[in-house]
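# Descriptive structure summary
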Amino acid sequence: MNSLPQLITKMTIIQKKICMIGDFSVGKTSLVARFVRQSFSDKYLTTVGVKIDTKLINITDDTQVKLILWDIAGSDALNTTTASYLRGAAGYLLVADGTRRPTWDSALNLQQAVSSQIGNKPFVLLLNKADLQEQWEIKPSLVEPQTQQGWKLLPTSAKTGMGVEEAFSLLAKQILEIAT
Amino acid sequence: MAIPLSITKYIRSMWMAETVITYLQVDKQGNLKSWGGHPRHYGLSNLIADRPATEQLYFLEGLLTAPHSQKLEFVGLATDRYAHVSIIPTTEGTWVLLFDATAAHDQKQKMQQQVNELSLLTYRQSQLLQGLEATRKSLEEEKQKLEEVIESKTNYISTLIKTMQMPMECVDGYHQLLNKVELIEARTTDYLNVVKNNTNQLLSDINHVLDETKSEAGQVALYISHCEIKVLLENLVSIFQSVAQAKGLLFSLEIKENVPPRVMLDELRFQQILINLITNGLKFTPKGFVTVTMSWEREQLHFVVADSGSGISSEAQQKIFMPSPPNTTDKSMGLAISQHFVKLMGGQLTVESSPKMGSMFKGFVVAPLPLGP
Ligand SMILES: Nc1nc2c(ncn2[C@@H]2O[C@H](COP(=O)(O)OP(=O)(O)OP(=O)(O)O)[C@@H](O)[C@H]2O)c(=O)[nH]1
Ligand SMILES: [Mg+2]
């Protein structure tokens, strides 16, 4: 009888695999570090291959979901190695660096490549490094066509934490088809 | 469950290459069956048999349903260790093999790090250059605009000066006529009126030009030369005497004995100062006098222009030397520019006045004696 609550939690947790996609140095690893460990480092250590992390989040009062986060090495296009990491993903965060305009184009290319690889999966596009407004290169007019198309865009900062929780929970809700 | 021959061979070849191998076996229902090698190496501890594999090995989430083999390179699990992962479906379930690739990962990471950092640096540099280029362009445009403004100003001024030439010639002509004609009352008055009108026109034109050049006055250069001060003053008297007479005013000039015949100063600017002061005096004096007094002391030429006119309230005196906004006519003209010129010439210009008691403009400019004979 004593072990019943334990059993229930073990049985009801859903797991979802989520991939971090985007050009190099846009902040994928930093966003995961902020989200999972509430930490940030200015030092850049590029990811080679993929690094897997998990985080349990509450979506609603009675829904918990364990996110299996695949932080994939950044690149401007999908190669066979990175494509192999996508299998089984329920959705993905597409990340661009607001201070580098070309990473926006990479994000658009990657979105196409990813959806042709794993089909139409939910995703949220993050404009990261929102704390560096004075270096901002991605103008509202640039993102207009995508927002018109109904893409979910979110400014984030792994440094300050702005928008980070929202980004992951927004994606999780889309995956679980919970109205937002 | 027997290990298929192909997998045995594969494992053996890796073994021979001294690769650290870990294996995990999952049954058709997705439960972990068995394992071997070094799962702890990757932080995979507390493994429990016959429980769902994806609950214990998170990275397998979504991967066990594939009908064919998959290879994932450089997968980082909970620790700093990286593995190449092979997921091989068999008739009885799935084999998951982990080959340690930490050393290869770290080596590749160092190389990739350099490549990425270089690429970031190159990008920042090109942004910087673009910024510089943009600044250069906007400066160039600014310069272009300024040059256009200066040119149009110059054009305007030269047009104005041309319009001044006509009345000036007229004054000259009538003056010559006056000299020849016997002083017959009615005619003389007519001519004098023409002279007066033209003189007024001329003076207001001059003031327009002065106003126009005000903004550039900061750049005015002085042209200092030998100045025959008495000749200059007598010329002024000849210009203003007729105007004063027509108004019934007494206009007089007093040159103190200590004034040398020649001094060094910018003749044209000094003349402009006096013209402005005398014009104002005549303009604001309905009856009585306007007098100009000159003296010289310690290399300074002192002048006083006094009148018996309407005077200036102390409030107005505060503002009298300030530049007037454009298109304000019928005010004392050219005082700001006079003040500016006086200062440029190393002197001072002040006013003493009270309403109905007339005004006295006092000033001096630096005017040394010429060197040599
Ligand atoms: N100011 C600021 N810097 C950030 C932010 N996010 C990341 N960075 C910095 O950007 C650099 C790259 O961050 P990473 O998280 O390593 O980027 P990444 O997308 O994982 O890069 P790859 O692994 O090479 O694809 C690091 O120096 C971070 O400190 C942010 O929100 N604000
Ligand atoms: Mg990274």
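On to empty space enclosed by the protein, then. All names here are of chain A. Across all of its chains, the model carries 3 cavities of 30 Å³ or more by this definition. Volume-wise, the largest cavity comes out at about 80 Å³. Of the residues forming the lining of the largest cavity, the biggest block, 3 residues, is contributed by strand E1 (residues 14-22). Across the lining of the largest cavity, the residue classes tally to 8 nonpolar, 4 polar and 1 charged.

This part is about the pattern of salt bridges. Residue and element names in this part refer to chain A. The final tally for this structure, using the stated rule, is 14 salt bridges over all chains. Its salt-bridge partner being Asp-42, residue Lys-159 comes within 3.8 Å of it at the nearest N-O pair. Of this pair, Lys-159 sits in the loop between strand E6 (153-155) and helix H6 (164-175) while Asp-42 sits in the loop between helix H2 (28-37) and strand E2 (50-60), placing them 117 residues apart in sequence. Overall, the relative accessible area of 40% leaves Lys-159 in the partly exposed class.

What follows deals with the interface of chain B and chain A. Listed as interface residues are 32 residues of chain B and, on the opposing side, 28 residues of chain A. Between chain B and chain A lies a buried interface of about 2600 Å² when both sides are counted; carbon and sulfur atoms form 54% of it. Our count for the chain B to chain A interface comes out at 21 residue pairs in polar contact (both at pLDDT 80 or more). Broken down by secondary-structure element, the contributors of at least two residues to the side of chain B that touches chain A are helix H2 (53-56), strand E3 (70-76) and helix H3 (102-180) of chain B. Ranked by the residues each element gives to the side of chain B that touches chain A, the list is headed by H3 of chain B, at 12 residues. Class assignment of the residues belonging to the side of chain B that touches chain A gives a composition of 12 nonpolar, 13 polar and 7 charged. Pairing of E2 of chain A with E3 of chain B, which is carried by 2 bridges, proceeds in the parallel orientation. From the neighbouring strand, Val-50 of chain A faces E3 of chain B, where its bridge partner is Val-75 of chain B.

In terms of nonpolar packing, the biggest core is built from 50 residues, with Ile-21, Trp-70, Leu-94 and Leu-127 of chain A together with Leu-57, Phe-59 and Val-85 of chain B touching the most fellow members. With 5 residues, helix H4 (residues 102-118) of chain A is the single largest residue contributor to this core. With residues up to four places along the chain from it excluded, the contact list for Ile-21 of chain A reads Lys-28, Ile-72, Leu-86, Tyr-92, Leu-93, Leu-94, Val-95, Leu-110 and Val-114 of chain A. Ranked by size, the runner-up nonpolar core spans 41 residues in total, among them Val-237, Phe-270, Ile-278 and Met-345 of chain B.

Moving on to the coordination of the magnesium ion (ligand 2). Coordination of the magnesium ion (ligand 2) by the protein involves Thr-29 of chain A (OG1) and Thr-47 of chain A (OG1), with metal-donor separations of 1.9 to 2.1 Å. Of this pair, Thr-29 of chain A sits in helix H2 while Thr-47 of chain A sits in the loop between H2 and E2, and the two are 18 residues apart along the sequence.

We now examine the sheet that holds strand E5 (residues 93-100) of chain B. Here 11 strands make up an open sheet; going across it, the order is E6(A)-E5(A)-E4(A)-E1(A)-E3(A)-E2(A)-E3(B)-E4(B)-E5(B)-E1(B)-E2(B) and the pairing mixed. Edge strands, defined here as strands with exactly one partner in the open sheet, are E6 of chain A together with strand E2 (32-36) of chain B. Strand-to-strand, the axes of this sheet are offset by a mean angle of 30°, without reference to chain direction. Where H2 of chain A meets the sheet, its contacts fall on E1, E2, strand E3 (63-72), strand E4 (91-97) and strand E5 (123-128) of chain A, and the angle it forms with E3 of chain A comes to roughly 150°.

Here the focus is the layout of surface pockets. It is the rolling of a water-molecule-sized probe over the atoms that shows where space remains empty. What the largest pocket holds in volume is close to 1200 Å³. Along the walls of the largest pocket sit 48 residues, with Thr-29, Ser-30, Lys-43, Tyr-44 and Leu-45 of chain A positioned nearest its centre. Examining the composition of the lining of the largest pocket, we find that 8 residues originate from one element, H3 of chain B, more than from any other. Residue composition of the lining of the largest pocket, by class: 16 nonpolar, 16 polar and 16 charged.

Once that is clear, we can look at the environment of Leu-63 of chain B. Structurally, Leu-63 of chain B can be placed in the loop between H2 and E3. Residue class for Leu-63 of chain B comes out buried when judged on its relative accessible area of 0%. When the C-alpha atoms of Leu-63 of chain B and Ile-87 of chain B are compared, they prove to be 8.1 Å apart, with 24 residues separating the residues in sequence. Setting aside residues no more than four positions away along its own chain, Leu-63 of chain B makes contact with Lys-17, Trp-70 and Arg-87 of chain A together with Gln-70, Leu-72 and Ile-87 of chain B.

With that settled, consider the confidence of the model for chain A. Overall, the predicted model of chain A reaches an average pLDDT of 91, with 92% of residues at or above 70. Confidence over residues 1-11 of chain A falls short of pLDDT 50; this stretch has 1 contact with residues more than four positions distant or in other chains.

Cut-offs and rules
- Residues numbered from 1 in each chain as written.
- Chains lettered and ligands numbered in written order.
- Predicted model: local features only at pLDDT ≥ 70, side-chain atom pairs only at ≥ 80, totals over all residues.
- Heavy atoms only, no water.
- 1 Å grid on protein atoms, 1.4 Å probe; cavity = no way out; pocket = protein on both sides within 12 Å on 5 of 7 lines; lining within 4 Å.
- Points joined across faces, edges and corners; volume = space filled by probe spheres on them.
- Helix = DSSP H or I, 4+ residues; strand = E, 2+ residues; numbered from the N terminus.
- Nonpolar A, V, L, I, M, F, W, Y, C, P; charged D, E, K, R; others polar.
- Salt bridge = Lys/Arg side-chain N within 4 Å of Asp/Glu carboxyl O.
- Buried < 20%, exposed > 50% of the residue type's maximum accessible area, 1.4 Å probe, protein only.
- Contact = heavy atoms within 4.5 Å.
- Buried area = accessible area lost by both parts, 1.4 Å probe.
- Polar contact = N/O pair within 3.5 Å; in protein donor to acceptor, adjacent residues only side chain to side chain.
- Pairing = 2+ DSSP bridges.
- Core = buried A, V, L, I, M, F, W, Y, C linked by side-chain atoms within 4.5 Å.
- Donors = N, O, S within 2.8 Å, 3.2 Å for Na, K, Ca; no water.
- Axes fitted to C-alpha atoms, helices over the stretch in contact; angles between N-to-C directions.
- pLDDT = per-residue confidence, 0-100.

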